[in-house]
Amino acid sequence: MAIARHAQTTVPSREDAGGKIARHAGLLSSQLQQLRTRMYPPKSEKILRQFLTNEVSKLTSIPDSTLKLMSSEGRGPNPSRLENNHRVYTLAQVNELRELFAKQKPAEALRFLPRRRPGEHLQVLAIANFKGGSAKTTTSVHLAHYLALHGYRVLALDLDPQASLSAMFGAQPEVDVGANETIYAALRYDEAERRPIRDIIRKTYFDGVDLIPGNLEVMEYEHETPRVLANRSGSGAIFFERLKLALAEVEADYDIVILDTPPSLGFLTLSAIYAATSMIITVHPAMLDVASMSQFLLMMGDLISVLNESGAQLDQDFIRYLVTRHDPNDGPQSQVVAMLRHLFGSDVLLPTAIESTAVEAAGLAKRSVYELDVGQIGRDTHKRAREAVDAVNEAIVQLINSSWGRE
């Protein structure tokens, strides 16, 4: 007769909530670092793929035949050769070509090198919404890459303590971003510790894009500002002016600044709204997300009124809504998009950021669609995603050019 044996169980000591969260944070951070190490071995850095001649021709409007002739004659940058003997250029070489042709053909300089000209203001573009999952970071990364690929000088600024934008550029927030190396260093109120914004800007692997990374340290500004306001302490500008004044220090170095804002309406987001010359509000076309955006807009309107009463003048070139993670074949989503277009008209960008496995696959590898090599994903899938992302970014660039008075 079998006798059932009951194993003696030991009741573990109860772990408090703080201890559990801290332990889980440590486990997850360690796992993420292991994944990062597998993708990018120690001491390695992210690098950008090279571009085939036909891609360079599309990016620069320099004919393919001209590029091949220049290479054969030894003029301009010297491209590398693939195993199949196809020429490939780095993005730095593409920009070298742009500058070369802009000098050779001054009447068409803007076509080759579309940087800001005298009299055109720095465009500071805030990507905003306090609903998580509205694709703010995805929008920011793809726009930054698109602009750089087309010859603009871009500063990407990560205002989100979660620092997803920084991670996309290869800066793991817990490991690669130290104390006083985020935007907080340039905004903080104590003179002794505050740093010039130029000191915290980093070059990235993506030629034409510089980065101010984020991590949990940026939250210090949310904690410190109420104390300063209550005590009327601290030196320098009031809280909402500090980011705008910091960006003015490097205004001559860039054409466009992209602000990836946190999913909240705190002091950092208010600072971004005040500093911004334009704004893209991302929205996923689902009723819960739209309801959340409604609250965001109501709160933002109230807070802007408070800023106006404090003497802040907000004069933005444009504010547009961008539909993100859009499935055009989804009936309920189509109804939401139709409702938004009915309510806001042309303030809703006509192109939408479609939901795509190509974008998701790129994101898992901390890349944008522009970084994927042909063959890493199905050709048709990649082509559809690239065309959709290009359409969104081109629409934004047209708005920026209009703000500069360009045709």
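Source: prediction; values computed, not measured.

A. View of the overall build of the chain. When its secondary structure is counted, the chain shows 17 helices and 10 strands. Buried positions account for 47% of the 407 residues belonging to the chain. Look at the contacts in the chain between residues 6 or more apart in sequence, and 76% of them connect residues 24 or more apart. In the form shown here, the chain has an accessible surface area of approximately 20700 Å², with 54% of it arising from carbon and sulfur atoms.

B. A look at the packing of helix 2 (residues 53-60) against helix 4 (residues 91-104). Two elements in contact, helix 2 and helix 4, have axes separated by 11 Å at closest approach and are oriented at 45 degrees. With respect to helix 4, the axis of helix 2 lies oblique. The two elements helix 2 and helix 4 meet at a crossing, and its hand is right-handed. Of helix 4, the residues touching helix 2 (which contributes V56, L59 and T60) are V94, L97 and R98. Along the lines of polarity and charge, the residues of the contact of helix 2 with helix 4 split into 4 nonpolar, 1 polar and 1 charged.

C. Spotlight on the pattern of salt bridges. Evaluation of the coordinates by the stated rule reveals 18 salt bridges. Here R75 and E73 are joined by a salt bridge, their closest N and O atoms 2.8 Å apart. Relative accessible area serves as the criterion here: at 39%, R75 is assigned to the partly exposed category. Between E120 and R117 there is a salt bridge, with the nearest N and O atoms lying 3.1 Å from each other. Relative accessible area serves as the criterion here: at 40%, R117 is assigned to the partly exposed category. Through salt bridges that share partners, R117, E120 and R406 make up one connected network.

D. Quick peek at the confidence of the model for the chain. Here the chain averages 88 in pLDDT, and 89% of its residues register 70 or above. Low pLDDT, under 50, characterises residues 1-7; the predicted model gives this stretch 0 contacts beyond four residues in sequence or across chains.

E. Summary view of the pairing of strand 4 (residues 123-128). Counting buried positions along strand 4 gives 6 out of 6 residues, so the element sits mostly inside the fold. Here strand 4 shows a buried face lined by Q123, L125 and I127 and a second buried face lined by V124, A126 and A128. Sheet topology places strand 4 next to strand 8 (residues 256-260); 5 bridges connect them, and they run parallel. Residue pairing in the sheet places Q123 in a bridge with I256 of strand 8. Bridge count between strand 4 and strand 9 (residues 278-283): 4 bridges; the pairing is parallel. Across the sheet, L125 pairs through a bridge with S278, a residue of strand 9.

F. Spotlight on the sheet that holds strand 7 (residues 209-212). One open sheet accounts for 7 strands, arranged 6-7-5-8-4-9-10; its pairing is mixed. Both edges of this open sheet fall to strand 6 (202-203) and strand 10 (318-323), since each of them pairs with a single strand only.

G. A look at unusual backbone geometry. The phi dihedral of A135 is positive, around 75 degrees, even though this residue is not glycine. Inspection of the secondary structure puts A135 in the loop between strand 4 and helix 6 (136-149). Judged by its relative accessible area of 18%, A135 is buried.

H. Layout of the sheet that holds strand 2 (residues 80-81). Ordered in space as 1-3-2, the 3 strands form an open sheet in which the pairing is antiparallel. A strand with exactly one partner marks an edge of an open sheet, and here the two such strands are strand 1 (51-52) and strand 2. Looking at chain direction, strand 2 and strand 3 (residues 87-89) are connected through 2 bridges and run antiparallel. In the strand pairing of strand 3, R81 is matched with R87. Contacting strand 1 and strand 3, helix 4 crosses the sheet at an angle of about 85 degrees to strand 3.

I. Seen up close, helix 16 (residues 357-364). Within the span of helix 16, buried status applies to A358, V359 and A362. Around the axis of helix 16, the buried residues are gathered within 100 degrees of arc, so they sit on the same side. For helix 16, exposure combined with an orientation more than 90 degrees from the buried face picks out T357 and L364. Where helix 16 is buried, its residues contact helix 6 and helix 17 (379-403). Looking one or two residues past helix 16, K366 carries a phi angle of roughly 55 degrees, positive in sign.

J. Just the pairing of strand 10, in detail. Taken across its 6 residues, strand 10 has 5 buried, putting it largely inside the fold. Bridge count for strand 9 against strand 10 is 6 bridges, and the pairing is parallel. Along strand 10, the bridge assignment pairs I280 with R320. What joins strand 9 to strand 10 is helix 14 (residues 287-309), and the crossover it makes is right-handed.

K. Looking closely at the nonpolar core. Core analysis: the biggest nonpolar cluster contains 58 residues, and L97, L147, F169, F206, I258, I280 and I396 have the highest contact counts within it. Looking at this core element by element, the count peaks at 8 residues for helix 17. One finds I183, Y184, M279 and L307 within the second-largest nonpolar core, a separate group that totals 52 residues.

Calculation rules
Residues numbered from 1 in each chain as written. Predicted model: local features only at pLDDT ≥ 70, side-chain atom pairs only at ≥ 80, totals over all residues. Heavy atoms only, no water. Helix = DSSP H or I, 4+ residues; strand = E, 2+ residues; numbered from the N terminus. Buried < 20%, exposed > 50% of the residue type's maximum accessible area, 1.4 Å probe, protein only. Contact = heavy atoms within 4.5 Å. Areas by Shrake-Rupley, 256 points an atom, 1.4 Å probe, with all protein chains shown as cover. Axes fitted to C-alpha atoms, helices over the stretch in contact; angles between N-to-C directions. Parallel < 35°, antiparallel > 145°, perpendicular 65-115°, else oblique. Left-handed = near helix turned anticlockwise from the far one by under 90°. Nonpolar A, V, L, I, M, F, W, Y, C, P; charged D, E, K, R; others polar. Salt bridge = Lys/Arg side-chain N within 4 Å of Asp/Glu carboxyl O. pLDDT = per-residue confidence, 0-100. Pairing = 2+ DSSP bridges. Arc of directions from axis to C-beta. Right-handed = clockwise from strand over helix to strand, strands pointing away. Core = buried A, V, L, I, M, F, W, Y, C linked by side-chain atoms within 4.5 Å.

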